[in-house]
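# Close look at the chain arrangement
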Amino acid sequence: MLSSLYTGLSLNPKAPHAPKAAAAIELWAEKRAQLENGEIDADEYENWKASL
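Just so it is clear, the structure is predicted and the values come from calculations on it, not from any experiment.

A few words now on the packing of helix 2 (residues 18–36) against helix 3 (residues 42–50). Put simply, helix 2 and helix 3 touch, their axes get as near as 9 Å, and they point 165° apart. With respect to helix 3, the element helix 2 is oriented roughly antiparallel. Seen along the crossing, helix 2 lies across helix 3 with a hand that is left-handed. Of helix 3, the residues touching helix 2 (which contributes L27, W28, K31, R32 and L35) are A42, Y45 and W48. Per-class residue counts for the contact of helix 2 with helix 3 are six nonpolar, no polar and two charged.

As structure tokens, this is what we get:
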């Protein structure tokens, strides 16, 4: 189950789309962390978001 510690969100693991939603949220959190850590810049982050 997705940790609410990092995102402030929680999912019902029994919900039909919970695994897919959890994966999407975790990917977003990883990209956001990369931005905050300077691994990617704001343009790269915005381009990634636009590609979804």
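Under the defined criterion, the tally for this structure stands at two salt bridges. In this structure, E46 engages K49 in a salt bridge whose closest nitrogen and oxygen atoms are separated by 3.3 Å. Placement of the pair is E46 and K49 together in helix 3, with a separation of three residues, close to one helical turn.

For the rest of this paragraph, the subject is the confidence of the model for the chain. Overall, the predicted model of the chain reaches an average pLDDT of 85, with 87% of residues at or above 70. Highest mean pLDDT in the chain belongs to helix 3 (95); lowest belongs to helix 1 (residues 4–7) (51).

For the rest of this paragraph, the subject is the packing of aromatic side chains. Counted according to the given criterion, the structure contains one aromatic pair. Each ring, one from Y45 and one from W48, has its centre 6.1 Å from the other, and the planes form 25°; the classification is stacked. Residue Y45 and its partner W48 are both found in helix 3; the two are separated by three residues, about one turn of the helix. Looking at Y45, the relative accessible area reads 5%, which means it is buried. Judged by its relative accessible area of 14%, W48 is buried.

Scoring rules and cut-offs
- The residue numbers shown here count from 1 along each chain, following its written sequence.
- Given that the model is predicted, a residue must reach a pLDDT of at least 70 before its local features are reported, and side-chain atom pairs must reach 80 or more before they are shown or counted; all residues, however, enter totals for whole chains, interfaces and linings.
- Side-chain descriptors were evaluated using all non-hydrogen atoms of the structure, hydrogens and water having been removed beforehand.
- Interaxial angles span 0 to 180 degrees and are taken between N-to-C directions of axes, which are lines fitted to C-alpha atoms, for helices over the stretch in contact.
- Here a helix means four or more residues in a row that DSSP labels H or I, a strand means two or more in a row labelled E, and each is numbered from the N terminus.
- Roughly parallel means an angle under 35 degrees; roughly antiparallel, over 145; roughly perpendicular, 65 to 115; everything else is oblique.
- When the near helix sits turned anticlockwise from the far one by under a right angle, the crossing is termed left-handed; a clockwise turn instead gives a right-handed crossing.
- Contacts are assigned to residue pairs with any non-hydrogen atoms lying within 4.5 Å of each other.
- The nonpolar class holds Ala, Val, Leu, Ile, Met, Phe, Trp, Tyr, Cys and Pro. Asp, Glu, Lys and Arg form the charged class, and all remaining residues, Gly among them, are polar.
- Salt bridges are identified by distance alone: a Lys or Arg side-chain nitrogen within 4 Å of an Asp or Glu carboxyl oxygen.
- By definition, pLDDT measures how confident the predictor is in each residue, and it falls between 0 and 100.
- Aromatic rings from Phe, Tyr and Trp, with only the six-membered ring used for Trp, were paired whenever their centres fell within 6.5 Å, and each pair was classed as stacked if the ring planes differed by under 30 degrees, edge-to-face if by over 60, and tilted otherwise.
- Relative accessible area decides the class of each residue, using a 1.4 Å probe on protein chains only: under 20% of the type maximum gives buried, over 50% gives exposed, and in between gives partly exposed.

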